[in-house]
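Residues per chain are reported as follows:
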Amino acid sequence: PAYKPPVVLQTLLKSLLEDTFVNRVIIVDDATPKDDESYQTLERAMNIADKRLHVIRNPRNLMCAASVNEGLRFEAAFQDQSEYILVTNDDTLFDERTIQELVKKIEHNPHLGSVCAQARLANARKNFLTRLQRLEYRMFNVVRKADEGFLYGPLIMPVMTVMFRREVIFQTGG
């Protein structure tokens with residue numbers, strides 16, 4: 001999902017499109033106002049000449065979870081279906097091994113329906129909202145570590161970077 005995407009979206013897209021595990025990138029714009037300066041970032045993404053990149057736009061702001069569901073509906077229509085679906089935010093930056101490590105973890109643990117990456121915020125001290133987000137991510141990682149012995153991890157994950165088995169998402173209705 002993307003709403004008023006930051007400039008780092010370009011770096012995220014570059015890393016995704018260069019990754020050998022990535023078959024398709026779907027950006028779901030959650031109705032970024034066209035008069036907002038961040039819309040230019042979205043326009044630059046729409047102008048990237050790569051057939052694997054798709055930008056869909058919500059008619060109104062549906063918020064994160066509904067935007068992820070819109071992306072899943074879009075993904076479901078493709079014939080060349082990937083075994084895994086990666087969901088992340090528009091302000092995420094990956095280490096070059098992130099996707100490879102997520103794939104390795106999910107492939108070596110067939111009982112898992114999803115795996116997630118630990119998140120760190122680059123702009124954690126930018127403003128009050130980013131400080132709260134940093135706290136949320138830290139608390140999530142504390143809960144994740146504490147919960148590793150129970151069903152192999154937490155039952156709820158905020159959207160950071162999560163890789164799902166495609167079959168699990170669509171068997172459960174998304």
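Residues numbered from 1 in each chain as written. Predicted model: local features only at pLDDT ≥ 70, side-chain atom pairs only at ≥ 80, totals over all residues. Heavy atoms only, no water.

Asker: Before we move on, could you go through the packing of helix H1 (residues 8-18) against helix H2 (residues 39-46) and cite the residues and values that matter?
Answerer: Where H1 meets H2, the axes come as close as 9 Å, and the angle between the chain directions of the two elements is 25°. For the element pair H1 / H2, the angle class is roughly parallel. The handedness of the crossing between H1 and H2 comes out as right-handed. Facing Leu9, Gln10 and Leu13 of H1, the residues of H2 in contact are Thr41, Arg44 and Ala45. (Axes fitted to C-alpha atoms, helices over the stretch in contact; angles between N-to-C directions. Helix = DSSP H or I, 4+ residues; strand = E, 2+ residues; numbered from the N terminus. Parallel < 35°, antiparallel > 145°, perpendicular 65-115°, else oblique. Left-handed = near helix turned anticlockwise from the far one by under 90°. Contact = heavy atoms within 4.5 Å.)

Asker: Can you lay out the pattern of salt bridges for me, pointing to particular residues and giving the numbers?
Answerer: Using the criterion set out here, one finds 10 salt bridges in the structure. Its salt-bridge partner being Glu18, residue Lys14 comes within 2.8 Å of it at the nearest N-O pair. In this pair, Lys14 and Glu18 are both assigned in helix H1, four residues apart and thus about one turn of the helix distant. Between Arg52 and Asp50 there is a salt bridge whose closest N-O contact spans 2.8 Å. (Salt bridge = Lys/Arg side-chain N within 4 Å of Asp/Glu carboxyl O.)

Asker: Could you give me a rundown of the sheet that holds strand E4 (residues 114-116), with the residues and numbers involved?
Answerer: Spatial ordering of the open sheet is given by E3-E5-E4, a layout of three strands whose pairing is antiparallel. On the outer flanks of this sheet lie strand E3 (84-88) and E4, each paired with one strand and no other. Taken over all neighbouring pairs, the strand axes of this sheet differ in orientation by 20° on average, direction set aside. Here three bridges tie E4 to strand E5 (residues 161-165), and the two strands are oriented antiparallel to one another. Bridge pairing links Val115 to Met163 in E5. (Pairing = 2+ DSSP bridges.)

Asker: Could you give an account of the environment of Ile26, naming the residues involved and the relevant values?
Answerer: Along the chain, Ile26 falls in strand E1 (residues 25-29). Residue classification places Ile26 among the partly exposed positions, given a relative accessible area of 24%. If we skip the residues at most four places from it in the chain, Ile26 touches His54, Ile56, Gly71, Phe74 and Glu75. (Buried < 20%, exposed > 50% of the residue type's maximum accessible area, 1.4 Å probe, protein only.)

Asker: Give me the lowdown on the pairing of E3, citing residues and values where you can.
Answerer: Judged by how many residues are buried, E3 sits mostly within the fold: four of five residues are covered. With five bridges connecting them, E3 and E5 associate as antiparallel partners. Residue pairing across strands places Thr88 opposite Thr161, the latter belonging to E5.

Asker: Run through the nonpolar core, naming residues and quoting values.
Answerer: Formed by 23 residues in total, the largest nonpolar core has its most connected members in Leu13, Leu16, Val25, Ile27, Ile99 and Met163. Mapped onto this core, the elements with two or more residues apiece are H1, E1, H2 and helix H4 (98-107). The element contributing the most residues to this core is H1, with five residues. In this structure, Val68, Leu72, Ile85 and Ile169 belong to the second largest nonpolar core, which totals five residues. (Core = buried A, V, L, I, M, F, W, Y, C linked by side-chain atoms within 4.5 Å.)

Asker: Lay out the side chain of Asn58 in plain terms, naming residues and giving numbers.
Answerer: Mapping Asn58 onto the fold places it in the loop between strand E2 (53-57) and helix H3 (64-76). Using a relative accessible area of 5% as the deciding quantity, one classes Asn58 as buried. Within polar-contact distance, the side chain of Asn58 engages the side chain of Asp30 at 2.8 Å. (Polar contact = N/O pair within 3.5 Å; in protein donor to acceptor, adjacent residues only side chain to side chain.)

Asker: Mind laying out unusual backbone geometry, listing which residues take part and the relevant values?
Answerer: Most of the time, phi is negative for any residue but glycine, and the peptide bond is trans. For Lys4, which is not glycine, the phi dihedral falls at a positive 50°. Relative to the elements of secondary structure, Lys4 occurs in the segment before H1. According to the relative accessible area criterion, Lys4 is partly exposed, its value standing at 37%. Positive phi, close to 80°, is recorded for Met63, a residue that is not glycine. Within the fold, Met63 resides in the loop between E2 and H3.

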